[in-house]
Each structure stands twice: as structure tokens, then as C-alpha cells.
Amino acid sequence: MKRKLVFATNNVHKLNEIRAMLGDRIEVLSLADIDCHADIPETADTLEGNALQKAHYVYDHYHCDCFADDTGLEVEALDGAPGVHTARYAYPDRHDPEANTRKLLDELKEKNSRRAQFRTVIALIISGEEHLFEGKVEGHIATEKRGTEGFGYDPVFIPEDTGLTFAQMGPDAKNRISHRGRAVAQLCDFLLHDCTTH
Ligand code: IMP
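Given the structure is predicted, the values throughout are model-derived calculations rather than measurements.

*Asks:* So, the layout of surface pockets: which residues are in play, and what are the values?
*Replies:* When its volume is computed, the largest pocket comes out at roughly 1,100 Å³. Going through the elements one at a time, α2 (47-62), β3 (66-75), α3 (97-107) and α5 (179-194) are the ones with two or more residues in the lining of the largest pocket. Classifying every residue of the lining of the largest pocket gives 14 nonpolar, 11 polar and 10 charged.

*Asks:* Help me get a handle on the nonpolar core, residues and values and all.
*Replies:* Burial of nonpolar side chains together is a common tendency in soluble globular proteins. The biggest cluster of nonpolar side chains holds 19 residues, and the ones touching the most others in it are Ile-18, Phe-67, Leu-124, Leu-187 and Leu-191. Those elements that place two or more of their residues in this core are β1 (3-7), α1 (12-22), β2 (26-29), β4 (115-126) and α5. Not counting residues up to four positions away in its chain, the partners in contact with Leu-191 are Arg-3, Leu-5, Leu-22, Ile-26, Leu-124 and Ile-126. Leu-29, Cys-36, Leu-52 and Ile-125 belong to the second-largest nonpolar core, a separate cluster that totals 18 residues.

*Asks:* For the pattern of salt bridges, give the residues involved together with the corresponding values.
*Replies:* This structure, assessed with the given rule, holds 14 salt bridges. The closest approach of N and O atoms between Lys-14 and Asp-69, which form a salt bridge, is 3.1 Å. One end of the pair, Lys-14, is in helix α1; the other, Asp-69, is in strand β3, and 55 residues separate them in sequence. The same class applies to Lys-14 as to Asp-69, namely buried. Between Arg-115 and Glu-160 there is a salt bridge, with its nearest N and O atoms 3.9 Å apart. A residue pair is termed long-range when its members are at least 10 positions apart, and Arg-115 in strand β4 and Glu-160 in the loop between β6 (157-159) and α4 (171-177) qualify at 45 residues. What you see here is one network of salt bridges that share partners, running through Glu-48, Glu-74, Arg-119 and Glu-134.

*Asks:* Help me get a handle on the pairing of β3, residues and values and all.
*Replies:* Along β3, 10 of the 10 residues are buried, which leaves the element largely enclosed by surrounding structure. Burial of β3 is two-sided: the residues Cys-66, Ala-68, Asp-70, Gly-72 and Glu-74 facing one way and the residues Phe-67, Asp-69, Thr-71, Leu-73 and Val-75 facing the other way are all buried. Looking at chain direction, β1 and β3 are connected through two bridges and run parallel. Paired with Val-6 across the strands is Cys-66, a residue of β3.

*Asks:* Talk me through unusual backbone geometry; I want residue IDs and the actual numbers.
*Replies:* Of note, the amide linkage connecting Ala-81 to Pro-82 takes the cis form, showing an omega dihedral of -5°. The residue Pro-82 is located in the loop between β3 and α3 in this model. A positive phi angle is found at Asp-79, which is not glycine, with a value near 55°. With a phi angle near 65°, Asp-161 is a residue other than glycine that sits in the positive phi range. By the element assignment, Asp-161 lies in the loop between β6 and α4. Looking at Asp-161, the relative accessible area reads 81%, which means it is exposed.

*Asks:* Talk me through the site of the ligand; I want residue IDs and the actual numbers.
*Replies:* Close to the ligand lie 14 residues, the nearest being Lys-14, Thr-71, His-95, Asp-154 and Lys-174. One nitrogen or oxygen atom from the side chain of His-95 is found 3.0 Å from an oxygen atom belonging to the ligand. Taking Tyr-153, its main chain carries an N or O atom lying 3.1 Å from a nitrogen atom of the ligand. In isolation the ligand offers 470 Å² of accessible surface; the protein chains occlude 89% of this area. Most atoms of the ligand, that is more than half of them, are within 2 Å of grid points of the largest pocket.

*Asks:* Which residues make up the packing of α1 against α5, and what values do they have?
*Replies:* In contact at an axis separation of 10 Å, α1 and α5 are set at 40° when each is read in the N-to-C sense. Our classification of the angle between α1 and α5 gives oblique. Considering the relative orientation of α1 and α5, their crossing is right-handed. Contacts between α1 and α5 involve Lys-14, Glu-17, Ile-18, Met-21 and Leu-22 on the former and, on the latter, Arg-180, Val-184, Ala-185, Leu-187, Cys-188, Leu-191 and Leu-192. Residue classes in the contact of α1 with α5 are distributed as nine nonpolar, no polar and three charged.

Scoring rules and cut-offs
Residues numbered from 1 in each chain as written. Predicted model: local features only at pLDDT ≥ 70, side-chain atom pairs only at ≥ 80, totals over all residues. Heavy atoms only, no water. 1 Å grid on protein atoms, 1.4 Å probe; cavity = no way out; pocket = protein on both sides within 12 Å on 5 of 7 lines; lining within 4 Å. Points joined across faces, edges and corners; volume = space filled by probe spheres on them. Helix = DSSP H or I, 4+ residues; strand = E, 2+ residues; numbered from the N terminus. Nonpolar A, V, L, I, M, F, W, Y, C, P; charged D, E, K, R; others polar. Core = buried A, V, L, I, M, F, W, Y, C linked by side-chain atoms within 4.5 Å. Buried < 20%, exposed > 50% of the residue type's maximum accessible area, 1.4 Å probe, protein only. Contact = heavy atoms within 4.5 Å. Salt bridge = Lys/Arg side-chain N within 4 Å of Asp/Glu carboxyl O. Pairing = 2+ DSSP bridges. Near = heavy atom within 4 Å. Polar contact = N/O pair within 3.5 Å; in protein donor to acceptor, adjacent residues only side chain to side chain. Areas by Shrake-Rupley, 256 points an atom, 1.4 Å probe, with all protein chains shown as cover. Sits in = over half its atoms within 2 Å of the grid points. Axes fitted to C-alpha atoms, helices over the stretch in contact; angles between N-to-C directions. Parallel < 35°, antiparallel > 145°, perpendicular 65-115°, else oblique. Left-handed = near helix turned anticlockwise from the far one by under 90°.

Have a look at this one:
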């Protein structure tokens, strides 16, 4: 029988990405698939803490193998901000990608360095054991928005050695080098090659 693994998300884009990488070897279920409609808390002060908090919530309530992710944009001149607050950078109580990007460009106006990195942490709980995976992409923040693809901060993030923002790349080119693509690749490698529990 195929092993089942719950991904603590209902984001269709993320689910499709990982299902494509795991092929038909592991069945990836969403929160909706296990009838979980809770607003899972994310109150830790690190990406690792949030990913673990979400994975443990699912493991403790539904007793199934599962994983969760958390992503942050870490900007050097802002001492690593917005970091764990990336989704709610402009407004603490809501996710407004347009306002987030505007605030970031404003904050960097007077700064000399525009260096930044995206970092994704994935926490996996399988057979009762925790495993963490991390993917990063270094780059810098553009001085204005460019491109129409993608989401979030994509129009202002220029990954190293490309000269293009994520929003100027197609999804395949982005996924090959992106923080999440790299973290997901590590998770899939582990599940398909290193993970000995069946
Ligand atoms: P999450 O942990 O995947 O929900 O990501 C947190 C926030 O980071 C999102 O709400 C986006 O604003 C931002 N973000 C995450 N991944 C990306 C990306 O690939 N491009 C642009 N923004 C991203």
C-alpha cells in the first residue's frame, strides 16, 4: 500500500509541486483531505519553530505522518527582517502582498546594501521522529517592481547570477533555484532514498 503523508497546507500550488516530485510513490494529502479546518497556530519566533509547531499540531490531533513548511525573506540591511514576519510585514493582522512589497522598497531607500535571501524550512514528523530540511536562495532586492509572474515578493527579488526578478521567470525556472524548490527537493530525496521506515 502507498504511504500517506499529510502536508499541513491547503495551498494548491504547493500541493501540486510536491505531488509532481513524489510521483505515485507517496500519497500527499492536504488539510482539507483529513477534514482539518482549524486555523493552525504559527506563533513561534523562528521559521523552524513555526514549521515544527504546524507539523506537531497535525501529528498530535490526527496521529499521522505529516510535514509543514514556513518561509521568510531575510534582508541583510534590516537585520534579517521581515524574516518570520514576512507574510504580515506591512500589517500584523493581515496578509497584503502589495503593501508588504511597498514597505520593503521604502525601508531600503536609504540603505547601501540590498542583499537578501529567501529561506524555507520544512519540518517532517514520520514514525514519531522529527526531521528538518532547509532551502535557501541568495540575491538582492530590486529598486522597483519588475515582472508579472509568481506571487508575494517575486517582483522585487532578484536571485543571484540571474539579473531577473522571480516575477520575470517562468515557474519552472523559478522552482529549479528557489528556496522552496530546494527544501522540497531535500524532503523528497529523504523520503524516496534515505527514509527506512515503511
Ligand atoms: P509561507 O510560509 O509559504 O506562507 O510564506 C510566507 C510569506 O513569504 C508569503 O506570504 C509570501 O509573502 C512570502 N513568500 C514565500 N515564498 C515566496 C516566493 O517564492 N516568492 C515571493 N514571496 C514568497
